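# Structural overview
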Amino acid sequence: MASTGVNVLRWSALAVGVFYGFSHQRTITTTQRAEHAKHEWEGKQKLIDQAKAEYAKKTKAAAAATASNDEAVTDVNNPKFDLEKLLLKVSQESP
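Figured I'd write up the structure that's included with this text. Bear in mind the structure is a predicted one, so any value in this text is a computation, not a measurement. (Residues numbered from 1 in each chain as written. Predicted model: local features only at pLDDT ≥ 70, side-chain atom pairs only at ≥ 80, totals over all residues. Heavy atoms only, no water.)

Here we come to the overall build of the protein chain. Helix and strand counts for the protein chain come out as two helices and zero strands. Against the compact-globule benchmark of 12 Å for 95 residues, the protein chain has a radius of gyration of 37 Å, which places it well outside the compact range. With respect to the principal axes defined by its C-alpha atoms, the protein chain has extents near 115 × 30 × 10 Å. Of the accessible surface of the protein chain, which amounts to about 8800 Å², a share of 63% is contributed by carbon and sulfur atoms. Charged side chains in the protein chain number 13 positive and 11 negative. The centres of these two groups are separated by 17 Å. (Helix = DSSP H or I, 4+ residues; strand = E, 2+ residues; numbered from the N terminus. Rg over C-alpha atoms; globule rule 2.2 N^0.38 Å. Areas by Shrake-Rupley, 256 points an atom, 1.4 Å probe, with all protein chains shown as cover. Lys, Arg positive; Asp, Glu negative; His and termini not counted. Charge placed at Lys NZ, Arg CZ, Asp CG, Glu CD.)

What follows is the structure in structure tokens.
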């Protein structure tokens, strides 16, 4: 039979091992959750950056289209109306 000192040592080693395993597993889980959250955030950030780039392209294209439309004023009552510019614009649009 084992003496009481050896039994205390065995149970103590078991308790320390269980405590170490629990704390180590907690650290691993926390690290994995942080990595997953970081990866998810980077994916969302990438989508946001792509959306911003597409919006910038779209607004630049719209601004360019508006600028070309501003050259030919179609309102006859507008003081900036120019019949020649309007006719050139119409001729370019429908060849």
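Let us look at the pattern of salt bridges. A complete count under the given rule lists two salt bridges for this structure. Where Lys44 meets Glu40, a salt bridge forms, and the shortest distance between an N and an O atom there is 3.8 Å. Placement of the pair is Lys44 and Glu40 together in helix H1 (residues 4-71), with a separation of four residues, close to one helical turn. Judged by its relative accessible area of 40%, Glu40 is partly exposed. The salt bridge partner of Lys57 is Glu54, with a shortest N-O separation of 3.5 Å. Taken together, the positions of Lys57 and Glu54, both in helix H1 and three residues apart, correspond to about one turn of that helix. (Salt bridge = Lys/Arg side-chain N within 4 Å of Asp/Glu carboxyl O. Buried < 20%, exposed > 50% of the residue type's maximum accessible area, 1.4 Å probe, protein only.)

A contiguous nonpolar patch, built from Trp11, Leu14 and Val18 and spanning about 370 Å² of accessible area, is present on the exposed surface. The residue Val18 is located in helix H1 in this model. (Patch = residues over 30% accessible without salt bridge, like charges linked within 9 Å, V, L, I, M, F, W, Y side chains within 5 Å.)

It is worth spelling out the environment of Gln50 at this point. By the element assignment, Gln50 lies in helix H1. With relative accessibility at 42%, the residue Gln50 sits in the partly exposed group. Along the chain, Gln50 and Ala63 lie 13 residues apart, while their C-alpha atoms are 20 Å from each other.

Read these as layout, nothing more, since geometry by itself doesn't imply function.
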